[in-house]
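Each chain, letter by letter, is given below.
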Amino acid sequence: MDFLNYFGNVFTPYHLMLLFGGTTAGLILGALPGLSPTMAVALVIPFTFHMEPASGLILLGAMYTATVAGGAISAILVNVPGAPANIATALDGHQMARKGRASEALHYCFLSSFVGGIFGIIILIFFTPPLAKLALKFGPTELFWIAILGITVIGTIGNKSVIKGLMAGLFGLAISTIGDNPMLGEQRFVYSEHMESGIHIVVALIGLFALPQILTLLEESGKSKVGIYALSETKWITSLKYNVTRIKALTLGSTIGAIVGIIPGAGGQIAGLVAYDQIKKTSHSPENFGQGEPDGIIAAESANNAMVGPSLVPLLTLSIPGSPTAAVLLGGLLIHGLFPGPDLFTVHAEVIWTFIDSLIVAQVFMVVIGLFLSRHSGWIMKVPPHYMAASILVLAVFGTYSIQSSYSDVLLMGVLGITMYFASKLGFGPAPVVLGVILGPLAEDNFLQGKLIGEAGDGIFDYFFTGTINLTLILATLGSIAYSVYASHKMNKRVMLK
Amino acid sequence: MIKSSAINFKNSELTTAFYSFLVAGLFCFLSFYDTDADIYLFPRIIAVTLLVFSVILLISSFQLSRSYLKNSNSNVKNGLFLKILPGLLIGFIYMTLMDVVGFYTSAFFIFLAFLLLYGKREMTDPKAFIKKVAISIGFVFVLYLLFWQGLHVRTPIGLLL
């Protein structure tokens, strides 16, 4: 029960203020259509640089939790999911809004998110420490394969094209090699003074996520806005009474969300859709789904938030993120000198348990602020895209500069961002590139160490390709590629049949 | 209509594959030409893998089936670059100005430029203009209070602030 020992750390005025600010900002940013939770968390990372590790992680955790739930606001009010995770919520949520039940739909969304979120954190608390102990058995080769598995999983599962996803991961790895060689200290690919110290993780995070977002928002500026449905005056207590009777939808959503979250790379988008599909299939009146059925929202939103906690389990133990936002959070951990694995729960126990405990409190803040916002959320939808673009640009430049007070970082962020924007037009997603940049040093360090040990022993091939853990990780990597190829082939076939 | 969309899609996939091949080829060249094998070992492995994948992408884009193409839409739209070009220019000016006039002053001008260029064209309406100036000042002032005064994060001050 280690997590109980550090609960008090969350209840300091400073941490409570961070939780309040992070949750409010996360809900608003999540509700803005087109702003992904991943970008929101990436944008906040530089501001945590000047904080204590626990405080920084508390802010990031609150943002992560709130952006996922906030995305449902725009899904319900304007039928534009704030994030991919909220696609399933829009199916019935928007229909309820069209029928004048927008407030009720938002209440169900936040109440179910709270239930799912708490369930997910319980999974995180009890699953993480035993899995972290497994990481003790990992040597250089296992860590190298872990990095490769992480990049493969994010690259293949989250992308329409498997090959483009894998190439994006490799581009990220290539970017990570700019600067010093980790073993010999010699510089590589340094063609300008701006590149001398390599590319900082946060510079890559902001450049790859925020700048393409700005340019996409500019593309959308001037387009006509969608109508927002009036928010009725339904009391939240009435919604709560109904919500607690929907035990099946809550249980199904929370369980599916937790399972999907723990699978690396699957992410909230799948959790919400799977939960929605299952509750519809097991319902006595499936014909009501898509027409404004509250169970559709309850299952989807409880699944989305139940995914958040478990997505951190493989991240905190094995460095494998459960979702793209968790990949960004990995960057947040590393800049504070926190490396996933057993050390997190021994050497940095206070920091990591304070962070996990704060996620529980963040859920409480999320439901309270969310219920309040559900009465006043109409204005969020009215923010024009070019206002958002201007704000993100200023914050992105500010955040990048403040990391090392370096003008070079700002230039590199700009170059990376513009390149990523055009690459995304060609079908390359930013998440695998970012993970490549983050896990690149881990992969290279351990590859070179493994090579030295292998040369001194039975040979490099034997060292890298034998051993139960190595083989399991290699099989998992190949399995994730094979599954993605199969899924993509199946989807293409379905498209052709249609 | 469907036929032209399919051709566009195939063209865009071929373009993607071609660019990927060029980037992978360039990375290979930079990793192998006049470099030390020990220092560049890891980048070389990445470069070769990247090149192999780009060749697979190139071959697969040539082999896209007709029926698949019929159901696909190109993601590359005409005139897109023209729409984002002013934004890119503003961003470039911002990065240049930041060091000269200071972060907060340049942030104000850049924010205002975005609102004027991408918002509704209301240049003749003084009220709308004043509103946009006020919003820009408000945004930068909040940033200044929060980060400069509150968190003591130092940014380039240049000639002004």
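The rules behind these values
Here the residue numbers are simple positions, counted from 1 along each chain's written sequence. Working convention: letters from A go to chains and numbers from 1 go to ligands, in the order in which they are written. Per-residue local features are limited, in this predicted model, to residues with pLDDT of at least 70; the limit for side-chain atom pairs, both in listing and counting, is 80 or more; totals at the level of whole chains, interfaces and linings are taken over all residues. For the purposes of this entry, the term helix denotes a DSSP run of H or I that reaches at least four residues, the term strand denotes a run of E that reaches at least two, and both are numbered from the N terminus. In this description the radius of gyration comes from C-alpha coordinates, and the expected globular size is given by 2.2 Å times residues to the power 0.38. Any two residues are considered in contact once their C-beta atoms, placed from the backbone, lie within 7 Å. Asp, Glu, Lys and Arg are counted as charged, while Ala, Val, Leu, Ile, Met, Phe, Trp, Tyr, Cys and Pro are counted as nonpolar; the rest, among them Gly, fall into the polar class. Each axis is a line fitted through C-alpha atoms, and for a helix only the stretch in contact is used; angles between axes span 0 to 180 degrees, taken between their N-to-C directions. Angles below 35 degrees are treated as roughly parallel, those above 145 as roughly antiparallel, those between 65 and 115 as roughly perpendicular, and all remaining angles as oblique. With C-beta atoms placed from the backbone, a residue is buried if 20 or more other C-beta atoms are within 10 Å of its own, exposed if 12 or fewer are, and partly exposed between those counts. On a range of 0 to 100, pLDDT expresses the predictor's confidence in each residue.

## Regarding the overall build of chain A
Line of reasoning, step 1. Within chain A, the regular secondary structure consists of 25 helices and two strands.
Line of reasoning, step 2. What you see for chain A is a C-alpha radius of gyration of 22 Å, in line with the 23 Å of a compact globule of 498 residues.
Line of reasoning, step 3. When the backbone C-alpha atoms are referred to their principal axes, chain A occupies close to 70 × 60 × 45 Å.
Line of reasoning, step 4. Taking as baseline every contact in chain A between residues at least 6 positions apart, the subset at least 24 positions apart corresponds to 80%.

## Concerning the interface of chain A and chain B
Line of reasoning, step 1. Of the residues lining the interface, 45 residues belong to chain A; the matching set on chain B comes to 46 residues.
Line of reasoning, step 2. Of all elements in the fold, only α9 (162–176), α10 (201–220), α21 (385–404), α22 (407–425), α23 (430–456) and α25 (468–497) of chain A reach the threshold of two or more residues within the side of chain A that touches chain B.
Line of reasoning, step 3. Looking at which element gives the most residues to the side of chain A that touches chain B, the answer is α21(A), with eleven residues.
Line of reasoning, step 4. Of the residues in the side of chain A that touches chain B, the class split is 28 nonpolar, eleven polar and six charged.

## A short note on the packing of α10(A) against α23(A)
Residues and elements named next belong to chain A.
Line of reasoning, step 1. Where α10 meets α23, the axes come as close as 9 Å, and the angle between the chain directions of the two elements is 175 degrees. Judged on the interaxial angle alone, α23 and α10 are roughly antiparallel. The segment α10 lies against α23, with Ile201, Ala204, Leu205, Leu208, Phe209 and Pro212 engaging Pro430, Val433, Val434, Val437 and Ile438.
Line of reasoning, step 2. Per-class residue counts for the contact of α10 with α23 are eleven nonpolar, no polar and no charged.

## A closer look at unusual backbone geometry
Residue and element names in this part refer to chain A.
Line of reasoning, step 1. One non-glycine residue, Phe189, lies in the positive phi region at around 50 degrees.
Line of reasoning, step 2. Looking at where Phe189 falls in the secondary structure, it is placed in the loop between β2 (187–188) and α10.
Line of reasoning, step 3. Taking the number of C-beta atoms within 10 Å as the measure of exposure, Phe189 has 17 and is therefore partly exposed.

## Notes on the packing of helix α4 (residues 37–48) of chain A against helix α17 (residues 324–335) of chain A
Residues and elements named next belong to chain A.
Line of reasoning, step 1. Relative orientation of the contacting elements α4 and α17 amounts to 10 degrees, with a least axis distance of 9 Å. The angle between the axes of α4 and α17 places the two elements in the roughly parallel class. In this structure, α4 uses Pro37, Thr38, Val41, Ala42, Ile45 and Thr48 to contact α17, whose residues at the interface are Pro324, Thr325, Val328, Leu329, Gly331 and Gly332.
Line of reasoning, step 2. Residues that form the contact of α4 with α17 fall into these classes: seven nonpolar, five polar and no charged.

## What about the confidence of the model for chain A?
Low pLDDT means the predicted atomic positions in that stretch should not be read closely.
Line of reasoning, step 1. For chain A, per-residue confidence averages 84 on the pLDDT scale, and 93% of positions sit at 70 or higher.
Line of reasoning, step 2. Mean pLDDT across the secondary structure elements of chain A bottoms out at helix α20 (residues 378–381) of chain A, with 67, and peaks at α9(A), with 92.

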